[in-house]
Amino acid sequence: MFTKAQDIPHVDYIAQLTRHLASVPVSRVDWHKRGSVAIVIRLVLPDSESKYPVFDVSGYGNTKTPASLVQEVHRFVEAPELRTARMQILFIQRAKYPGDPWSGHIGFPGGKREPSDGSDEATAERETKEELGLDLSDVHSFVHLGRLDDTCAYSLFAKIILAVSTQVYLQIREDTPEMTLSAEIASVHWVDFNQVLKRVDAPAKPFASECRAIPIDMAPRLFPEYRQRQPLWYRGFQCLFGKFYYTVLPLEYTKTDSIIRAAQQVPDELEATRVPAPVINKAADLSWKYGDMEFSSDTELYLWGMSLCILGSLVDLSLPVPPSTVHPAYASVASPWPQMDRRLWGDVNFM
């Protein structure tokens, strides 16, 4: 028998995460193009009549050392009222915007670093405030637990495009401050952590029905200038290499824990800056737009790509039991990652 991750109290994950963030050295990628995102965590009491414990801001704020942070977070989450509390993570869906490669995608609040930002932490806090109206620097509402290793976006030739720093915050008050969504954000969702842990307890197998995937055609990614003409060699490349299939993690959400815009049209301030996309062959453009895939439904969010990798790092650091004691097939919530066309490259997938 193995330990079922969903049966472990959620506060144990927060305690373990805090210890790791305070003690494990962070890997930072020295790259000129940087961005930051914020993972915001909150604890929800199962009983509305229970009294929410108090986080001693003054005790931690006087020293602000990693040891004092671990000590205060441990004291906070060990409160009897929180033993059955549900951990939730904040996700956003970006507004649909023609010409934006991340239009409609699910992820975390954040953006590119500006010259005025004094640190990656400052970038995450500024972007979150601009996008959601949440002030993560408010020490009476949130505490900064630390940062994850940098995650990089690569070109297909392994060249770094962007280095992303992930900052982790814990909400330390019962009620979340009111959020005001900017024009860039279509919706905000607090998702129960068990929606993530289900991938730990039941790892997905490649091409199985529960392993949904986003098909990406390799040809337009490698040779975008030929998407319109599609010469014979281009079509031959498509037939030979097929598609990459990137894993999707479905996350169920409730509308009571969400803020969803009534309209999904392009906001005026974004429309004014839009660069018209060239008119190209619909078949060639289909995979370029991720197969016209919708990244959310009325009940689920579909997380993939860099955001899924970041979430996987968070789970690995927060798991309060040895990895050898969970499901023997578990490797990461982002696995399998990625797979090639099984009809053309079954041997490569097997390796």
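All values reported here derive from a predicted model rather than from experimental measurement.

How each quantity is defined
- Residues numbered from 1 in each chain as written.
- Predicted model: local features only at pLDDT ≥ 70, side-chain atom pairs only at ≥ 80, totals over all residues.
- Heavy atoms only, no water.
- Helix = DSSP H or I, 4+ residues; strand = E, 2+ residues; numbered from the N terminus.
- Buried < 20%, exposed > 50% of the residue type's maximum accessible area, 1.4 Å probe, protein only.
- Polar contact = N/O pair within 3.5 Å; in protein donor to acceptor, adjacent residues only side chain to side chain.
- Contact = heavy atoms within 4.5 Å.
- Salt bridge = Lys/Arg side-chain N within 4 Å of Asp/Glu carboxyl O.
- Core = buried A, V, L, I, M, F, W, Y, C linked by side-chain atoms within 4.5 Å.
- Axes fitted to C-alpha atoms, helices over the stretch in contact; angles between N-to-C directions.
- Parallel < 35°, antiparallel > 145°, perpendicular 65-115°, else oblique.
- Nonpolar A, V, L, I, M, F, W, Y, C, P; charged D, E, K, R; others polar.

Chemist: When you look at the side chain of Asn194 in this model, what are you seeing that I'm missing?
Modeler: Here Asn194 is to be found in helix α5 (residues 194–201). The exposure class of Asn194 is buried, given its relative accessible area of 13%. Side-chain polar atoms of Asn194 contact the side chain of His10, separated by 2.9 Å. Residues contacting Asn194, with those up to four places away along its chain left out, are Gln6, His10 and Arg86.

Chemist: I would appreciate a short explanation of α5 in the present structure.
Modeler: Side chains three or four residues apart in an α-helix point the same way, a direct result of the helix having 3.6 residues per turn. Burial analysis of α5 places 7 of its 8 residues in the buried class, the great majority of the element. Of the residues making up α5, those classed as buried are Asn194, Gln195, Val196, Leu197, Arg199, Val200 and Asp201. The inward-facing, buried residues of α5 contact α1 (10–23), β2 (86–94), β8 (185–192), β10 (243–247), β11 (249–252) and α10 (305–318).

Chemist: Hey, could you run me through the pattern of salt bridges in this one?
Modeler: Two side chains of opposite charge can pair, provided their charged atoms sit close to one another. As enumerated under the stated definition, the model contains 17 salt bridges in all. A salt bridge links Arg86 to Asp192; the shortest N-O distance between them is 3.2 Å. Taken together, the residues Arg86 in strand β2 and Asp192 in strand β8 connect sequence positions 106 residues apart. What makes Arg86 partly exposed here is its relative accessible area of 32%. Linking Arg113 and Asp120 is a salt bridge whose minimum nitrogen-to-oxygen distance equals 3.1 Å. Look at Arg113 and you get partly exposed, because its relative accessible area is 29%. The exposure class of Asp120 is buried, given its relative accessible area of 4%.

Chemist: Can you help me understand the nonpolar core in this one?
Modeler: The nonpolar side chains of a soluble globular protein tend to be buried with one another. In terms of nonpolar packing, the biggest core is built from 68 residues, with Ile41, Leu43, Ile89, Phe91, Leu145 and Leu311 touching the most fellow members. Apart from the residues lying within four places of it in its own chain, the contact partners of Leu311 are Ile89, Phe91, Phe108, Val196, Leu249, Leu303 and Val333. Counting 15 residues, the second-largest nonpolar core is a separate cluster that includes Leu136, Leu181, Ile185 and Val188.

Chemist: What's the story with the packing of α1 against helix α3 (residues 66–77) in this structure? I'm lost.
Modeler: Two quantities define a packed helix pair, namely the angle between the axes and the distance from one axis to the other. Look at α1 against α3: their axes get within 9 Å of each other, and the N-to-C directions meet at 175 degrees. Our classification of the angle between α1 and α3 gives roughly antiparallel. For the pair α1 and α3, the contacting residues are Val11, Ile14, Ala15, Thr18, Arg19 and Ala22 in the first and Pro66, Leu69, Val70, Val73, His74 and Val77 in the second. In terms of residue class, the contact of α1 with α3 is built from 9 nonpolar, 2 polar and 1 charged.

Chemist: How should the side chain of Gln93 be read in this particular structure?
Modeler: Tracing the backbone through its elements, the reader meets Gln93 in strand β2. Look past the residues within four positions of Gln93 in its chain and what remains in contact with it is Gly104, His105, Ile106, Ile185, Ala186, Ser187, Phe295 and Ser296.

Chemist: Where do I start with the environment of Glu127 in this structure?
Modeler: Summarising the element assignment, Glu127 is placed in helix α4 (residues 120–132). Take Glu127: its relative accessible area is 9%, and that puts it in the buried class. The spacing of Glu127 and Pro109 is 18 residues in sequence and 6.8 Å in space, taken between C-alpha atoms. In this structure, Glu127 is in contact with Gly110, Gly111 and Lys112, ignoring residues within four places of it in sequence.

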